[in-house]
Amino acid sequence: MDDAKRERHRKRLLALKAEMLGEGDLTIEPGREDPTSVGADEDSQPLSEMSQTIASSRNRNRSAVLGRVMEALARIDDDPASFGLCTECGEPIPDKRIELMPYVELCVECQQSHDAPRTPGGRRHLRDFH
Ligand SMILES: [Zn+2]
């Protein structure tokens, strides 16, 4: 990957990071009542409880992405040559994939083996594709 391209991805990562940090915490909404009074009668608040669960899982997803953004930025600073390479097998990640997710750290094959670890007979190894 050339420097100009890497710099462009770095800027996108910085923008993503700023955007996510700027959004703040989803569970804190201006104009809401004191959260301690909302949880006072839990049995009568199933919807509120559910929406809190959803909000907190959204927060988890977002902080996971934020963590990956931070890691990708650290990687660009520490070891620029490794940016755009799969952290697992070391193969270059296709440009299109990086365009979609500049924080991506795995190639499609490695990502799939993470997403579907229940392959019968154990994990498929990348070397099988060579
Ligand atoms: Zn890989």
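Note that this is a predicted model, so its numbers are computed, not measured.

Draft legend 1. Just the coordination of the zinc ion, in detail. Only Cys86 (SG), Cys89 (SG), Cys107 (SG) and Cys110 (SG) from the protein coordinate the zinc ion, and they sit 2.3 Å from it. Around the zinc ion sit four donor atoms; with metal-centred angles ranging over 104 to 116 degrees, the donor geometry is tetrahedral. Of note, the zinc ion draws all its donor residues from one chain, in the sequence arrangement C-x2-C-x17-C-x2-C. Of the two residues, Cys89 sits in the loop between helix H3 (46-78) and helix H4 (95-100) while Cys110 sits in helix H5 (residues 108-115), which places them 21 residues apart along the sequence. Cys89 sits in the partly exposed class, given a relative accessible area of 28%. Classification of Cys110 as buried rests on a relative accessible area of 5%.

Draft legend 2. Just the side chain of Arg6, in detail. Tracing the backbone shows Arg6 in helix H1 (residues 3-23). For Arg6, a relative accessible area of 12% gives the class buried. Polar contacts involving the side chain of Arg6 include one to the main-chain carbonyl oxygen of Pro80, which spans 3.1 Å. Ignoring anything within four residues of it in the chain, the contact list for Arg6 reads Met1, Ile76, Pro80, Ala81 and Phe83.

Draft legend 3. Main features of the nonpolar core. Among the nonpolar cores identified, the biggest contains 16 residues, and Leu13, Val69, Phe83, Cys86 and Ile93 are the most heavily contacted of them. Elements supplying a minimum of two residues to this core: H1 and H3. Top contributing element to this core by residue count: H3, with five residues. When near neighbours in sequence (up to four residues on either side) are disregarded, Phe83 contacts Met1, Arg6, His9, Leu13, Ala72, Ile76, Ile98 and Pro102.

Draft legend 4. Region of the structure containing the confidence of the model for the protein. Overall, the prediction assigns the protein a mean pLDDT of 81, with 72% of residues at 70 or greater. Of all secondary-structure elements in the protein, the lowest mean pLDDT belongs to helix H2 (residues 35-38), at 53, while H4 reaches the highest, 94.

How each quantity is defined
Residues numbered from 1 in each chain as written. Predicted model: local features only at pLDDT ≥ 70, side-chain atom pairs only at ≥ 80, totals over all residues. Heavy atoms only, no water. Donors = N, O, S within 2.8 Å, 3.2 Å for Na, K, Ca; no water. Tetrahedral: all angles 85-135°; square planar, octahedral: opposite > 155°, others 65-115°. Helix = DSSP H or I, 4+ residues; strand = E, 2+ residues; numbered from the N terminus. Buried < 20%, exposed > 50% of the residue type's maximum accessible area, 1.4 Å probe, protein only. Polar contact = N/O pair within 3.5 Å; in protein donor to acceptor, adjacent residues only side chain to side chain. Contact = heavy atoms within 4.5 Å. Core = buried A, V, L, I, M, F, W, Y, C linked by side-chain atoms within 4.5 Å. pLDDT = per-residue confidence, 0-100.

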